[in-house]
Amino acid sequence: MNQFVKLEDFYKSLKDIKLINNSVDEKRELVKKYVSNFNANIQNLRIDENIKKQNKEISNLLEETINLIKLVSNDWLKNFDEMIEREKFRSDLSNYFIVIIFGKVKAGKSSLGNFIAKNKLESQKVEFFKYDEAGKKQAIKKLEEIEEDSFATNNLECTVEIQGFKLDGMAWIDTPGLGSMVKENGDLAKEYIQSADYIIYPTSSDSPLQLDEREQLKELFEQNKKVSICITKSDYKDEDECECGSEDGCENCNGGMVKVLKNKCLSKREGQEKFVKEEIYKLIPKDKEYILGDIFSISTHTAKKGLDSSDNELFEDSNIPKFYELLTDVIKDKASKLKADTPYEGLKSFIDFNILGSDIIKQNSSIKNIKLELESLEQVIRESQERFEILKENSSNDLVSEIEFIISKYSLEINKSNSKEMFLQIDSEINKKMFEIIEKNISEILNNFDASFKSLSTTFSSNEFIIEDVYESIKVDTSSRNKKIGAGILGLIATVGVGIATGGATLLVQAGATIVAGAVAGYAGGKLGEFSGSIDEEKEVIGDNKEQVLQKFKTSRLLHYEKIAQGMYNEMQNLFFVPLEKSMGEIKSNLNQFEQNIKQIF
């Protein structure tokens, strides 16, 4: 194929570009919506006042974590807005396939842009423009320090602003390199590189792939940017005899000798291309080698000279036709895919690096880092909760010991007469000790829990704990007892009666009658008493119930104060751990939902 035809084919292919109407704008808006909603939710987070009062250490850690998330969320919003601003010119160029040539000063990028713009078809129109550091587009007739409506190409390569041109379906963007004299220009170039559909990275054949260029390429590759490497200035000057044939020379030569621009030989070019490829493979992981595009050597100067002089060989050996052919293939075969994919890659790169976080590079403003901070805080909270459970167990054990000690201390003094007063005194002392135990344990975790101790009470019914005598029931047979009693009573009655009846008789007679009457009546009374007898039960004091009452009192106080302690620990849980868990749950819920929403976009 005629090499000049390759140029024509390239320019014609620009008319055939069909841009895919993808949903990238919708996805951008979706990301922004999720970021905005998350930011609004996080900014409304407040720490419960009880958490602040009860534990300053955990409260401060929680506050620091929340403030970090708020700061990060604000950064996401800011960075996303900046990213949209960076891609502002994409909206202006939405109907164009965007090619960015990005490189250091004096790498030959402006010369290549000039060549592309100048050699258009006659029917085509080139529209030049520039963007200043603020990203504002300006319509201009021609760029600064340029001739014939081309880019400036003086020795200082004055690409101090983003500049470019539209040519049918293509937008060619020339960005300042990192090696620009003004640092801000290099930073600005990094900003705009995110918007590229296709990147050409020029490196001078004089010293290809210098250290700063490698660092710049590495950064591009980390952002999943596909880059084709263009080795520029692949030419040299040689001496040849002037056509004047005079040893004295002429106005065009020096002593009959002229400087002739020639292309570097094929072996040197292939050697440099091989070197560049090997070095680049050192910069990228093996699973990402696909992001390295073509590598080719060119000379725009020999190409221009070949065109001007109609020297087909010089033009062909400049490798510009090859470059045109490669770019044409990209436009025809890859433009649609790149147009669909590259915006996603830029947005995905922003999300992966700035929001989700990378496993390789630590990014403070990322979900990954926030989760690490949350894990650290959760570890502190877990340790406090574990300590809390230990303190509860210790309190229960201490309470048992103290109640037993205090009761044993007063056990000898307690008796029936003072039991009510003594039990009140013992309970008061237990109450005081209970206060000290719980206060000591709680103070290890909480700073301010005084109000909770108002729930401690010394009141109880002392009537429940009365020391009384203990009786033993004894069975008694009353027959013999009643026989004696009956005999005695009737005998007495009979004797008295006979004495009265025989009052006029002699003493001997009276005595005999009385003895007989008494005996007979006694016998009769005994029989009556014997018949009226029974077996009865009688109670006999064998001691008191002091030990049982003490045990009952101890059990009662244990249950009472354990209940109080449990209530206080529950209150502690409600005042501190419950709102703490609620705050952590709210943070994690918002963060997890946000992460899930972001990941579902792609």
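See the structure printed just above.
Overview of the structure. Computed from a predicted model, the values in this text were never measured in an experiment.

Remarks on the overall build of the protein
Then, in step 1: Across its full length, the protein holds 17 helices and twelve strands.
Then, in step 2: When contacts within the protein are restricted to residue pairs at least 6 apart in sequence, long-range pairs at least 24 apart make up 78% of them.
Then, in step 3: In the form shown here, the protein has an accessible surface area of approximately 31800 Å², with 49% of it arising from carbon and sulfur atoms.

Quick word on helix 6 (residues 109-118)
Then, in step 1: Among the ten residues that make up helix 6, nine are buried, leaving the element largely enclosed by the rest of the structure.
Then, in step 2: Taken as a whole, helix 6 has its buried residues at Lys109, Ser110, Ser111, Leu112, Gly113, Asn114, Phe115, Ile116 and Ala117.

Points about the pairing of strand 1 (residues 97-102)
Then, in step 1: Here strand 1 lies mainly inside the structure; six of its six residues are buried.
Then, in step 2: Neither face of strand 1 is left uncovered, since the one carrying Phe97, Val99 and Ile101 and the one carrying Ile98, Ile100 and Phe102 both have all their residues buried.
Then, in step 3: Relative to strand 5 (residues 170-175), strand 1 is paired through six bridges, and the arrangement is parallel. Among the inter-strand pairings, Phe97 is bridged to a residue of strand 5, identified as Met170.
Then, in step 4: By the bridge criterion, three bridges tie strand 1 to strand 6 (residues 198-204) in an arrangement that is parallel.

Points about the nonpolar core
Then, in step 1: Of all hydrophobic cores here, the largest spans 66 residues; its most connected members are Leu62, Trp76, Ile426 and Phe594.
Then, in step 2: Only helix 2 (24-43), helix 4 (56-86), helix 12 (320-356), helix 13 (367-410), helix 14 (419-442) and helix 17 (546-599) provide two or more residues apiece to this core.
Then, in step 3: Looking at which element gives the most residues to this core, the answer is helix 17, with 18 residues.
Then, in step 4: Leaving out residues up to four positions away in the same chain, Trp76 has contacts with Val35, Phe38, Phe350, Asn354, Ile355, Ser365, Ser366, Ile367, Ile370 and Phe594.
Then, in step 5: Within the second largest apolar cluster, 32 residues are counted, among which are Leu7, Ile200, Cys230 and Phe315.

About the thresholds
Residues numbered from 1 in each chain as written. Predicted model: local features only at pLDDT ≥ 70, side-chain atom pairs only at ≥ 80, totals over all residues. Heavy atoms only, no water. Helix = DSSP H or I, 4+ residues; strand = E, 2+ residues; numbered from the N terminus. Contact = heavy atoms within 4.5 Å. Areas by Shrake-Rupley, 256 points an atom, 1.4 Å probe, with all protein chains shown as cover. Buried < 20%, exposed > 50% of the residue type's maximum accessible area, 1.4 Å probe, protein only. Pairing = 2+ DSSP bridges. Core = buried A, V, L, I, M, F, W, Y, C linked by side-chain atoms within 4.5 Å.

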